[in-house]
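Results of the structural survey
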Amino acid sequence: MLRIGIIGKTNAGKTTLFNAVTMMNAEVSNYPFTTKEPNVGIGYAKTACVCKELGVKDNPQNSVCIDGWRFIPVEIVDLPGLIKGASEGLGLGTKFLSVAAQADALLHVVDASGSINARGEICEPGMGSPLADYYDVEEELIKWYTKNLLENADKIKRLLQNKSMRLQDALYEILSGIKVSPSHIKEALSRTKLDGIPFEDWEEEEFRSFATEIRYLSKPTLLVANKMDMPVAERNLKGLLDTFGKSFVVPASADVELLLRKAERAGAISYIPGDEKFVVKDSASLTPKQKWALEYVKSRVFDKWLHTGVDQAITIAVLKLLKRNVVYPVEDAKRYSDRKGNVLPDAFLMPQGSTPRDLAKEIHSELYENYLYAIDSVSGLRLPNDYELRDRDVITIVTSKKRKA
Ligand SMILES: Nc1nc2c(ncn2[C@@H]2O[C@H](COP(=O)(O)OP(=O)(O)O)[C@@H](O)[C@H]2O)c(=O)[nH]1
Ligand SMILES: [Mg+2]
């Protein structure tokens, strides 16, 4: 399963965001996960389900479908605030950074309202600098990657000399454990032009520039500008957008998303995560305080930003940054169901360029080993072997053996 890590300074709103996005958990009864680690939970990428256009009522098994929206699980990891010196081990920094390095993508949360100071302590709104906070945390991450490489320099040298490995293969030996792929290494070497410099001549500066590229290539990141419900956040958001551009910054309000999900669970409103509206069910039963809170949410978030941004952050990270396509495998191509008759039971997040055979591998090794060909279930056409799966494909895999019941 894909893993999204939440990083940022203390009090930026990471745990609030984590609590909001993992709240649907209880509703996914058949999803096998345990809550051994309190800071790991399941959140969801949201996508328009194919059930509507196919005109079927689905029975999702590995995911959830609400009103034609398919929610596909991803793992969410909430990391305690990273402080200055974290890469040197301060505040359990090295431990947290190594957990961050296990993620496929990161959400970097900043307090856009400027309500925290450089140390992550609550201060007067507007006094803090989300831009400076962003750079502080990134600096710790890059330092950690650099240190990691420097500590392994002798090992890399030995691999190059004793085993006459190529540099990119030796680097892969060291970095493969933190979700760095051979293509990330190749790209980082080429961007830094370090592929032309012998490794024994690398100085600290070279290690750092290589580490910086590796950090961004292997850990695609979105900047979550949190606390957008507070008016002072608007000015800071503008600064963040001017610096980083629209494709990197997601305005959000984690607290508001959490409030809405709680209100929904309590039966006070109807609200689908990520929606651009919520509906009060019975306004007569609300206390004045609840009424005020929902009015605040409407005027401060929905009227201004359309949605809370929380769901969007995860969905963009999964579908856009990690370039996943949502593919629905079905055993029965006519009924779009599995053997038990569950319609559109599963949705898989397949990396761009995957083939039906890759999908088979993802589902079951037996399916993969006995793979013959695949059918596009909607048209009924047999797909060529090198077919690249597309978003919203419904696929039936045909094998040489009937699977055992
Ligand atoms: N106004 C506002 N406050 C928020 C928002 N998100 C979090 N907070 C508040 O910020 C404080 C720190 O939040 P927390 O999630 O514990 O931060 P963490 O240290 O990054 O995990 C808490 O008082 C939250 O209620 C938001 O979207 N809007
Ligand atoms: Mg926290």
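Residues numbered from 1 in each chain as written. Chains lettered and ligands numbered in written order. Predicted model: local features only at pLDDT ≥ 70, side-chain atom pairs only at ≥ 80, totals over all residues. Heavy atoms only, no water.

Packing of helix α7 (residues 182-191) against helix α8 (residues 204-218) brings their axes to within 9 Å, and their N-to-C directions diverge by 135°. Our classification of the angle between α7 and α8 gives oblique. Crossing of α7 against α8: the hand is right-handed. Of the residues in α8, those touching α7 at His184, Ile185, Glu187, Ala188, Leu189 and Arg191 are Phe210, Glu213, Ile214, Leu217 and Ser218. Of the residues contributing to the contact of α7 with α8, the split by class is six nonpolar, two polar and three charged. (Axes fitted to C-alpha atoms, helices over the stretch in contact; angles between N-to-C directions. Helix = DSSP H or I, 4+ residues; strand = E, 2+ residues; numbered from the N terminus. Parallel < 35°, antiparallel > 145°, perpendicular 65-115°, else oblique. Left-handed = near helix turned anticlockwise from the far one by under 90°. Contact = heavy atoms within 4.5 Å. Nonpolar A, V, L, I, M, F, W, Y, C, P; charged D, E, K, R; others polar.)

Another point: the domain arrangement of the protein. Per the domain assignment, the segments making up the protein are domain 1 (3-130 + 219-261 + 294-319), domain 2 (144-216) and domain 3 (325-399). Placing a centre on the C-alpha atoms of domain 1 and another on those of domain 2 gives a separation of 31 Å. Residue-level contacts link 13 residues of domain 1 with nine residues of domain 2. Taking both sides of the interface into account, the surface hidden between domain 1 and domain 2 amounts to around 930 Å²; carbon and sulfur atoms contribute 46%. Contact with domain 2 buries surface across domain 1, with Ala101, Gln102 and Lys219 losing the most and accounting together for 47% of the total. Our count for the domain 1 to domain 2 interface comes out at one salt bridge. (Domains from an automatic or database assignment. Buried area = accessible area lost by both parts, 1.4 Å probe. Salt bridge = Lys/Arg side-chain N within 4 Å of Asp/Glu carboxyl O.)

In this section: the packing of helix α4 (residues 130-151) against α8. For the pair α4 and α8, the least separation of the axes is 8 Å and the interaxial angle reads 115°. Crossing angle aside, the handedness with which α4 passes α8 is right-handed. Where α4 abuts α8, its residues Tyr134, Glu138, Glu139, Leu141, Ile142, Lys143, Tyr145, Thr146, Leu149 and Leu150 lie against Glu204, Phe207, Arg208, Phe210, Ala211, Thr212, Ile214, Arg215, Tyr216 and Ser218. A breakdown of the residues in the contact of α4 with α8 according to their chemical character gives eleven nonpolar, three polar and six charged.

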